[in-house]
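# Structural description and commentary
Here's the letter readout for the chains.
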Amino acid sequence: MHSVALLTASYAKDIERFSLLSESIDTWLSGYTRHYVLVNDEDVPLFEPFGSDKRVIVPASCYLPKWLFALPPALQFISSRRVWLSLLSSPVHGWHIQQILKIAGVLNAPEQRVCILDSDNLFFREFDVGQYAGGEKTPLFVTPEAIAADAPLHALWLRTVDQLLGVKDRSFPADDYVGNALVWDRDTARAMTGAIKAATGLNWVLALCRKKKFSEYLLYGHFVASSPAHLAAHQVTEDSIAVSHWDDTRLDRPAIEAMMRAASPEQVALCIQSYSSTSIDDIRDVFRLNSRDRRAPSLSPDHMGEVATFEVPKAR
C-alpha cells in the first residue's frame, strides 16, 4: 500500500466550510498520514486553531515562486477578488492560485498519493481513504463524453489544457475529470508538469499564469488519458465517492438530508458548492445530526490542537 495524504487549498472566506470539512475528517476518516492545508499567508493565523499532529497549515508562499506575490490587503480595494501580481504575466486571482497550490502541494508531498478535498466537501460515513487511494493503481474518476464542444466553461478549460499539454487533435464530446475527493499520484503529477514544460517551453506555474482559463482536474485527467503508461497505472471509474450538488440552486435542510439518504453505499462524502448559497448552518446541523445518529457526538473545538511542528518540503 502507498502512503496517502489529504490536501485542501482554502482561504478566509471559506473558513466555516473548512471547519466543517476538518470536523468531518476527524469524525469519519482513517488511513491517511497528514492533512495539508494550503492558505494565503495572511490567513495562517485564522487557520492555526485547526492544526494538529495530523493537520498541517502551510503558507502559500512556501510553494509559490518569488515572481508571484499577493497584492497587499490594504490595496485590495482595486478588485473585489483577491489579486496576485506577477513579474512575468498579467495578474492572477485567488481561484488560479488555489489550483496552482493543489498541484504544488501534490508535487511536494512526502506521500505517494494525495486525496484533494475542497473546502465545501465533508464526509458523513466511515471511510478508510488509505484502502481506497493507496492500492496498486490510483483511482481516476471520469464522466465519459460529458463535455460538449459548446460547453461554456468545460470546453474552454479543455482547449486550454490541450494547449498546455500539446494535444493537437481534440474531438467532442470529451471526457470530464472534474469531481470531488479526487486522488492524484505524485509521480504522475510530476510527469504532467514536465509535459507542460515540454509543450510550452515554460515553467508549469508560469504557463498556467499566462493561460489562466484552465481546470487542474481536467489537466490531470487528460494528461493521464493521453499517456498509455500513466493510464495503465490508474483505475478508471465512473463512480464518485461523493454525492454532489453542482448548480446554484439553494438547498434547504430537507433537500440536504435527501441527498445523504440517496447516496449509494460507496458514496461517503457530500459536496454542496459554495456558490449555491446553501446555508452552512443547515449543512452543519444535518451533518451533526447524521454523525450523532450513526456513531457518536461530533468533535468539539476543544479537540483541536496547535499547529504541528513540520518542515514544509521545498518547492521543486
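First, a word on scope: everything that follows refers to the structure included in this document. What you see is a predicted model; the values in this text were computed from it and never measured.

## A look at the overall build of the chain
Per the secondary structure count, the chain includes 11 helices and 17 strands. Relative to the globule expectation of 20 Å for 316 residues, the C-alpha radius of gyration of the chain, 19 Å, shows essentially globular dimensions. Each of the three principal axes of the chain carries a C-alpha extent, and together these read 55 × 45 × 40 Å. Residues classed as buried in the chain amount to 53% of the 316 residues present. Distance from the positive charge centre (32 side chains) to the negative charge centre (38 side chains) of the chain: 6 Å.

## Overview of the state of the cysteines
Here is the idea: a disulfide is a covalent bond, and it sits between the sulfur atoms of two cysteines. Enumeration according to the criterion identifies zero disulfides in this entry. With no disulfide of its own, C209 lies 17 Å from the sulfur of C62, the closest cysteine sulfur. Note on C209: relative accessible area 1%, which makes it buried.

## With respect to the nonpolar core
Ranked by internal contacts, the top residues of the largest apolar core, which has 54 residues, are L68, W184, W204 and L219. The greatest single-element share of this core, amounting to seven residues, is contributed by helix 3 (residues 94-108). Look past the residues within four positions of W204 in its chain and what remains in contact with it is I100, I103, A104, L107, T193 and I196.

## Some remarks on empty space enclosed by the protein
Inspection of every chain in the model, using the stated rule, returns two cavities of 30 Å³ or more. The computed volume of the largest cavity comes to approximately 120 Å³. Around the largest cavity sit 15 residues that line it, and P139, L140, F141, L182 and V183 are the ones nearest its centre. Breaking the lining of the largest cavity down by element, the ones donating at least two residues are strand 11 (138-141), strand 14 (182-185) and helix 8 (216-225). Split into classes, the residues belonging to the lining of the largest cavity amount to 12 nonpolar, three polar and no charged. Size it by volume and the second largest cavity reaches roughly 80 Å³. Taken together, R17, L20, L21, S119, D120, N121, L122, L270, I272, I280 and I283 form the lining of the second largest cavity. Looking at the lining of the second largest cavity, the elements with two or more residues in it are helix 1 (15-28), strand 9 (121-123), strand 17 (269-272) and helix 11 (280-294). Its residues placed into classes, the lining of the second largest cavity shows seven nonpolar, two polar and two charged.

## Concerning the side chain of S10
For S10, the location among the structural elements is in strand 1 (residues 4-10). Residues contacting S10, with those up to four places away along its chain left out, are F18, L38, V39, N40, F47, Q98 and S119.

## Notes on the sheet that holds strand 1
Read from one edge to the other, the open sheet built from five strands follows the order 4-3-1-8-14, with strand pairing classed as mixed. If you trace the sheet from one side to the other, it starts and ends with strand 4 (55-59) and strand 14, each paired once. Averaged over all neighbouring strand pairs, the angle between strand axes comes to 30°, with direction disregarded. Two strands pair when backbone bridges link them, and strand 1 and strand 8 (residues 113-116) are joined in this way by four bridges, in the parallel orientation. In the sheet register, L6 faces strand 8, and the bridge partner there is C115. The sheet strands contacting helix 8 are strand 8 and strand 14, and the helix crosses strand 14 at an angle near 55°.

Calculation rules
- Residues numbered from 1 in each chain as written.
- Predicted model: local features only at pLDDT ≥ 70, side-chain atom pairs only at ≥ 80, totals over all residues.
- Heavy atoms only, no water.
- Helix = DSSP H or I, 4+ residues; strand = E, 2+ residues; numbered from the N terminus.
- Rg over C-alpha atoms; globule rule 2.2 N^0.38 Å.
- Buried < 20%, exposed > 50% of the residue type's maximum accessible area, 1.4 Å probe, protein only.
- Lys, Arg positive; Asp, Glu negative; His and termini not counted.
- Charge placed at Lys NZ, Arg CZ, Asp CG, Glu CD.
- Disulfide = S-S within 2.5 Å.
- Core = buried A, V, L, I, M, F, W, Y, C linked by side-chain atoms within 4.5 Å.
- Contact = heavy atoms within 4.5 Å.
- 1 Å grid on protein atoms, 1.4 Å probe; cavity = no way out; pocket = protein on both sides within 12 Å on 5 of 7 lines; lining within 4 Å.
- Points joined across faces, edges and corners; volume = space filled by probe spheres on them.
- Nonpolar A, V, L, I, M, F, W, Y, C, P; charged D, E, K, R; others polar.
- Pairing = 2+ DSSP bridges.
- Axes fitted to C-alpha atoms, helices over the stretch in contact; angles between N-to-C directions.

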